[in-house]
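# Per-entry structural report
Here's the letter readout for the chains.
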Amino acid sequence: MSSEETARILDITAIERFKAGLADFGDAIKVGLLEADSEIERAIGWLERDRIHHWKRQIQIRNEEMTTAKSALFRKQMQGSAKHGRPSVVDEKVALDRAKKRLRDAEDRHRACRRWRNRLEQEYAIYKGHVQGMAAVSERGVPDAIAIIERMLRPSDTLDATV
């Protein structure tokens, strides 16, 4: 349609419905992006404040358990009598091995949580870059389009007065 051609619109309800739908679309984009941001930030926070600190505490606790198991083994090895010889240290060695495995498990889980948190932060930064255009559409594009539609819907005598 050239600039000299005009359209004769007798019923503007379809355009008004489109404008309302466009506004709803812009709002839906904003809400969706905010919800996604919130969920991702919540997950990062959960890893940072909850899981990483939990496993850090578990490492300390399990280190103490291992120290206790080593002490028990050492005490048992030092025990003994001339009549009975040395006592069995099997239970203490099993307890020490179990404590070592539990400590390694806590250390592995702590490292994994840190890796996941770092990876999630990297992916979040990439995500933010990808959705930046959509955010711009919802913040500027949709309101601009609604303003254009509103100008189109003004009666022609109002347009003549503003020009």
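Residues numbered from 1 in each chain as written. Predicted model: local features only at pLDDT ≥ 70, side-chain atom pairs only at ≥ 80, totals over all residues. Heavy atoms only, no water.

Another point: the packing of aromatic side chains. The full count for this structure, using the stated rule, is one aromatic pair. With centroids separated by 6.2 Å and ring planes inclined at 15°, the aromatic side chains of Tyr 124 and Tyr 127 adopt a geometry described as stacked. Residue Tyr 124 and its partner Tyr 127 are both found in helix α2 (residues 90-153); the two are separated by three residues, about one turn of the helix. (Phe/Tyr/Trp six-rings, centres within 6.5 Å; stacked < 30°, edge-to-face > 60°. Helix = DSSP H or I, 4+ residues; strand = E, 2+ residues; numbered from the N terminus.)

Along its 64 residues, α2 runs 89 Å from first to last C-alpha, staying within 8% of the 94 Å computed at 1.5 Å per residue. Along α2, the sharpest change in direction is near 45° and occurs at Val 131. (Expected span 1.5 Å × (residues − 1). Bend = angle between axes of the 7 residues up to and from the residue.)

Bringing the confidence of the model for the protein into the picture now. Mean pLDDT over the protein works out to 89, with 88% of the residues at or above the 70 mark. Scored below 50 in pLDDT, residues 158-163 makes two contacts in the model with residues more than four places away or belonging to other chains. (pLDDT = per-residue confidence, 0-100. Contact = heavy atoms within 4.5 Å.)

A few words now on the pattern of salt bridges. The tally for this structure, following the rule as stated, stands at eleven salt bridges. Ionic pairing is found between Asp 50 and Arg 51, a salt bridge with its closest N-O pair at 2.9 Å. Exposure remark for Arg 51: the relative accessible area of 22% places this residue in the partly exposed category. What you see here is one network of salt bridges that share partners, running through Arg 62, Asp 105 and Arg 109. (Salt bridge = Lys/Arg side-chain N within 4 Å of Asp/Glu carboxyl O. Buried < 20%, exposed > 50% of the residue type's maximum accessible area, 1.4 Å probe, protein only.)

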